[in-house]
Amino acid sequence: MTHHAFGPAVIRTALPLPSLPRVPGAAAGLPIAVDLATAGIPDHTPWQHHWLDGDEALLSLARQGAGYWLRVPDQADFLVLLDPARVQVWPTRDPPPDAATLEHLLVDQILPRVLAQLGGSVVHASTVRIGGRHVLFLGPSGWGKSTLAGLLHRHGHAVLSDDCVQLVAEGGRFRAIPTYPSLRLYEDSLDALFPGIDTTTAVAAYTRKRRVPMPAPSAGDPAVAVDAIYLLGDPAGAGDAIRIGPLRPAETCLALIRHSFRLDLADRAASAMQLARCGEIARAVPAFGLDYPRDFARQEALVQAIADHVATLPTPH
């Protein structure tokens, strides 16, 4: 049995989770147990919601008493219980998914939604330290968050989290609690950013992405103050110019909602809380749209443009 940090939570499990930092069993944090289930979703269970990619269901949700079933088709079922917090894993294929695939499903899909249902504001975002400031990069999967974070890392800026961060209010500002220090990149990005690297590991059996380890955050409080949010533009309409422009709070609020993790979308109280929190974040944190050509030959100019813009951010009170 090992214990791992995942944002504000401490994950207690016998399953291998090498991408998450280990912590002592007595470490402070929200306890979440992860173990194997004794059975999967009962037959004829009615589905409440599907997360889709086109017509394909990537993840499905059903109620189970006070808990929830989540299904990743052809991979595994996950029973989520909230009081106390617990995730039970039931592989649904034979042979079962390999350890890397189960870890990917847990840390990238299941655990973020557990934190969100427990009341956290959990956002799809990369977190990077640039010139002593901490900024979030938001955008849909496939729009380049991880590649941009890797590019900034190669130019000396620390990546704190690749794709998931929890935001908490503190003293009139918002702080980000990163979840795990690694990047997930396709081969073209790996070749351009980390030529010759030999320390990558498989993300999952069904994707060609590789996981690139990043330096673990230093000991102490992992939360960092958020100085700005950058919303990535659609690569298909980026054009040849690098453009950074301010977003209105309403635009920022909608972007945060669109790129937040959720579990029970039918939970009206949770939806109202999410809207209120995203509105608070949008009013408190400067936000900007970021459009740029996805061209590795322009990487120096892109990194410099972002660093120059971050340097102009107002000093927080």
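Residues numbered from 1 in each chain as written. Predicted model: local features only at pLDDT ≥ 70, side-chain atom pairs only at ≥ 80, totals over all residues. Heavy atoms only, no water.

Let us now look at the overall build of the chain. If you tally the helices and strands in the chain, you get six helices and 21 strands. Relative to the compact-globule value of 20 Å for 317 residues, the chain shows a C-alpha radius of gyration of 19 Å, a close match. Each of the three principal axes of the chain carries a C-alpha extent, and together these read 55 × 45 × 45 Å. Residues classed as buried in the chain amount to 49% of the 317 residues present. For the chain, the proportion of contacts with a sequence separation of at least 24, taken over those separated by at least 6, is 62%. Taking the 27 positively charged and 31 negatively charged side chains of the chain as two groups, their mean positions are separated by 5 Å. (Helix = DSSP H or I, 4+ residues; strand = E, 2+ residues; numbered from the N terminus. Rg over C-alpha atoms; globule rule 2.2 N^0.38 Å. Buried < 20%, exposed > 50% of the residue type's maximum accessible area, 1.4 Å probe, protein only. Contact = heavy atoms within 4.5 Å. Lys, Arg positive; Asp, Glu negative; His and termini not counted. Charge placed at Lys NZ, Arg CZ, Asp CG, Glu CD.)

Strand pairing in a sheet is mediated by backbone hydrogen bonds. Such pairs are either parallel or antiparallel. Taken together, four strands build an open sheet; the order of strands is β9-β13-β14-β18 and the sheet is antiparallel. A strand with exactly one partner marks an edge of an open sheet, and here the two such strands are β9 (121–123) and β18 (224–225). Bridge analysis of β9 against strand β13 (residues 165–170) gives three bridges, and the strand direction is antiparallel. Of the residues in β13, the one forming a bridge with V123 is V165. (Pairing = 2+ DSSP bridges.)

Sheet topology note: the strand β4 (residues 49–53)/strand β5 (residues 56–64) ladder contains five bridges and is antiparallel. The partner of H49 across the bridge, within β5, is L61. A loop of two residues connects β4 with β5, the two strands running antiparallel in sequence, and G54 in this loop sits at a positive phi of about 70 degrees. In this sheet, strand β6 (residues 67–72) lies alongside β5 in antiparallel orientation, the contact comprising five bridges. Across the sheet, the residue bridging to Q64 is G67, located in β6. Taking the residues between adjacent antiparallel strands as the criterion, β5 and β6 are bridged by two residues, where G65 takes a positive phi near 60 degrees.

So, on to the sheet that holds strand β1 (residues 2–6). Across the sheet, eight strands lie side by side as β1-β2-β3-β8-β7-β6-β5-β4; this open sheet has mixed pairing. In the strand order of this sheet, the two ends are held by β1 and β4, each with one partner. In this sheet, adjacent strand axes meet at a mean angle of 20 degrees when their direction is disregarded. Alignment of β6 against strand β7 (residues 76–82), held across five bridges, turns out to be antiparallel. Paired with R71 across the strands is D77, a residue of β7. The sheet strands contacting helix α1 (residues 99–117) are β1, β2 (9–13), β3 (30–36), β4, β5, β6, β7 and β8 (85–91), and the helix crosses β7 at an angle near 30 degrees. (Axes fitted to C-alpha atoms, helices over the stretch in contact; angles between N-to-C directions.)

Right, let's get into the packing of aromatic side chains. As enumerated under the stated definition, the model contains two aromatic pairs in all. Look at F137 and Y230: their rings are 5.6 Å apart centre to centre, the planes differ by 25 degrees, and that puts the pair in the stacked class. One end of the pair, F137, is in strand β11 (residues 133–138); the other, Y230, is in strand β19 (residues 228–232), and 93 residues separate them in sequence. Comparing F137 with Y230 shows no difference in burial state: the two are buried. A cation over a ring is seen here: R294 above Y292, with NZ or CZ 3.9 Å from the ring centre. (Phe/Tyr/Trp six-rings, centres within 6.5 Å; stacked < 30°, edge-to-face > 60°. Lys NZ or Arg CZ within 6 Å of the ring centre and 35° of its normal.)

Glancing now at the packing of helix α2 (residues 145–154) against helix α6 (residues 299–311). Contact geometry for α2 and α6: axes closest at 10 Å, N-to-C directions at 85 degrees. By the angle between their axes, α2 is roughly perpendicular relative to α6. Taken together, the residues of α6 that come into contact with α2 (itself represented by L148, L151 and L152) are Q299, L302, V303 and I306. Residues that form the contact of α2 with α6 fall into these classes: six nonpolar, one polar and no charged. (Parallel < 35°, antiparallel > 145°, perpendicular 65-115°, else oblique. Nonpolar A, V, L, I, M, F, W, Y, C, P; charged D, E, K, R; others polar.)

Turning our eyes to something else, we now look at the side chain of R175. Along the chain, R175 turns up in strand β14 (residues 173–178). Here the side chain of R175 touches E170 through a polar contact of 3.5 Å, side chain to side chain. (Polar contact = N/O pair within 3.5 Å; in protein donor to acceptor, adjacent residues only side chain to side chain.)

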